[in-house]
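# Coordinate inspection notes
Letter by letter, the chains look like this.
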Amino acid sequence: MAMPWITTLSEMNRFTAEVRPQARSLALVPTMGALHEGHLSLVRRAKTQCDVTVVSIFVNPTQFGPTEDLARYPRSSQKDLELLRSLEVDVVFAPSNTEIYPAGFATYLDPGHIATVFEGAIRPGHFRGVATVVLKLFNIVRPDIAFFGQKDFQQVVVIRRLVEDLNLPVRIVVCPIVREADGLAKSSRNVYLNAEDRKAALLLSRSLKRVEEMAQAGEGDAQTLLEEMRKTFDAEPRVQLDYAAIVNPATLEPVAQVIPGSVALVAARLGTVRLIDNLIFGPRGSTPERRLQLALNTQPTNEGEQRNSRT
Ligand code: AMP
């Protein structure tokens, strides 16, 4: 059967009205296109958990700052279409900007403090745009389950808060980070890296791997681990570290001691390309899913925590 490529809200409404009565569960996988294996892992997971899978492709202008890469964000609709067709997705929702933000659009969500640290500090307004578009997509598609990647860990925290705070009737499933063979987290922005920067970009995943090894060998002091991470970056002038931090996964507050479920966040720039990565600490040999469970079940507590993030 042909996979519909829907671009308007009215067509999308017609589609959901048609499939809803037969579907036990409807999945939404929100993306900005330029699809890679990371996105596809979300789609595969959605297909195993739901009867109907909707993938949205929308490069959301409100989550890009004025000096960011909106205009040159990679777009590859023909390839995306083929990939999604091969996965037998039920429908692709690819609205235009004016369909999502018609003239007169004025209402935005404020995700609070959590949206002002780390990515939010470097990209002011980013999570306001993310939260607004995700809520709009939820209202348009009305999914039972929505799928997001651990790759954007802070985004996951913002979306889970949004769902809880606004009592949204949707379950959030988070899927582990998909990496290149050498460890680099897959990202649509990796295509911008020249050969030298591509090599240097490995510092992000390597620095995370290094602190994971140290933690597994018994080092639990977050400051010591962070110093080790920063040392790795100091040795490579091609990479400018934006931040490295070890945080409580529920609050994103820096922790003093690493426990299972604590998350190391890292962001760095190589020329004009910004990359992010993260690691969830867990018992030796624990699967990525187990670590995600540990992180996502952590309670927001500030006990024994202290500021340890430095740029
Ligand atoms: P984007 O198109 O970059 O907005 O990403 C769409 C979704 O795919 C988000 O939930 C991302 O977290 C997720 N995603 C992006 N890269 C990866 C990756 N390497 N592994 C797992 N999920 C990813």
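Provided above is the structure to which this section pertains.
We now turn to the structure provided with this report. (Residues numbered from 1 in each chain as written. Predicted model: local features only at pLDDT ≥ 70, side-chain atom pairs only at ≥ 80, totals over all residues. Heavy atoms only, no water.)

### Things to note about the site of the ligand
- With respect to spatial proximity, 17 residues lie near the ligand, and among them Met 32, His 39, Asp 152, Val 178 and Lys 186 are the closest.
- Between the ligand and Gly 149 there is a distance of 2.9 Å, counted from an oxygen atom to a backbone nitrogen or oxygen.
- In this structure, Asp 152 approaches the ligand through a side-chain N or O atom, which is 2.6 Å from an oxygen atom.
- If the ligand stood free it would expose 490 Å²; the protein chains cover 93% of that surface.
- For the shell around the ligand, the element with the highest residue contribution is helix α2 (residues 37–49), accounting for three residues.
- Broken down by class, the residue content of the shell around the ligand amounts to eight nonpolar, six polar and three charged. (Near = heavy atom within 4 Å. Polar contact = N/O pair within 3.5 Å; in protein donor to acceptor, adjacent residues only side chain to side chain. Areas by Shrake-Rupley, 256 points an atom, 1.4 Å probe, with all protein chains shown as cover. Helix = DSSP H or I, 4+ residues; strand = E, 2+ residues; numbered from the N terminus. Nonpolar A, V, L, I, M, F, W, Y, C, P; charged D, E, K, R; others polar.)

### Description of the pattern of salt bridges
- All told, the structure shown has 20 salt bridges when counted by the stated rule.
- The residue Glu 180 makes a salt bridge to Lys 186 at a minimum N-O spacing of 3.5 Å.
- By relative accessible area, which is 28% here, Glu 180 ends up partly exposed.
- Assessed through its relative accessible area of 19%, Lys 186 is described here as buried.
- Glu 196 is the salt-bridge partner of Lys 199, the closest N and O atoms lying 3.8 Å from each other. Of this pair, Lys 199 and Glu 196 both sit in helix α8 (residues 195–200), three residues apart, which is roughly one turn of the helix.
- Note on Lys 199: relative accessible area 58%, which makes it exposed.
- It is possible to trace a salt-bridge network through shared partners that takes in Glu 119, Asp 242, Arg 269 and Arg 274. (Salt bridge = Lys/Arg side-chain N within 4 Å of Asp/Glu carboxyl O. Buried < 20%, exposed > 50% of the residue type's maximum accessible area, 1.4 Å probe, protein only.)

### A short note on empty space enclosed by the protein
- Tallied over the entire structure, the rule returns one cavity of 30 Å³ or more.
- By volume, the largest cavity is sized at about 60 Å³.
- The wall of the largest cavity is formed by Lys 151, Leu 184, Ala 185, Ser 187, Asn 190, Leu 204, Ser 205, Leu 275, Ile 276 and Asp 277.
- Of the residues forming the lining of the largest cavity, the biggest block, three residues, is contributed by strand β9 (residues 273–280).
- When the residues that make up the lining of the largest cavity are grouped by side-chain class, the tally is five nonpolar, three polar and two charged. (1 Å grid on protein atoms, 1.4 Å probe; cavity = no way out; pocket = protein on both sides within 12 Å on 5 of 7 lines; lining within 4 Å. Points joined across faces, edges and corners; volume = space filled by probe spheres on them.)

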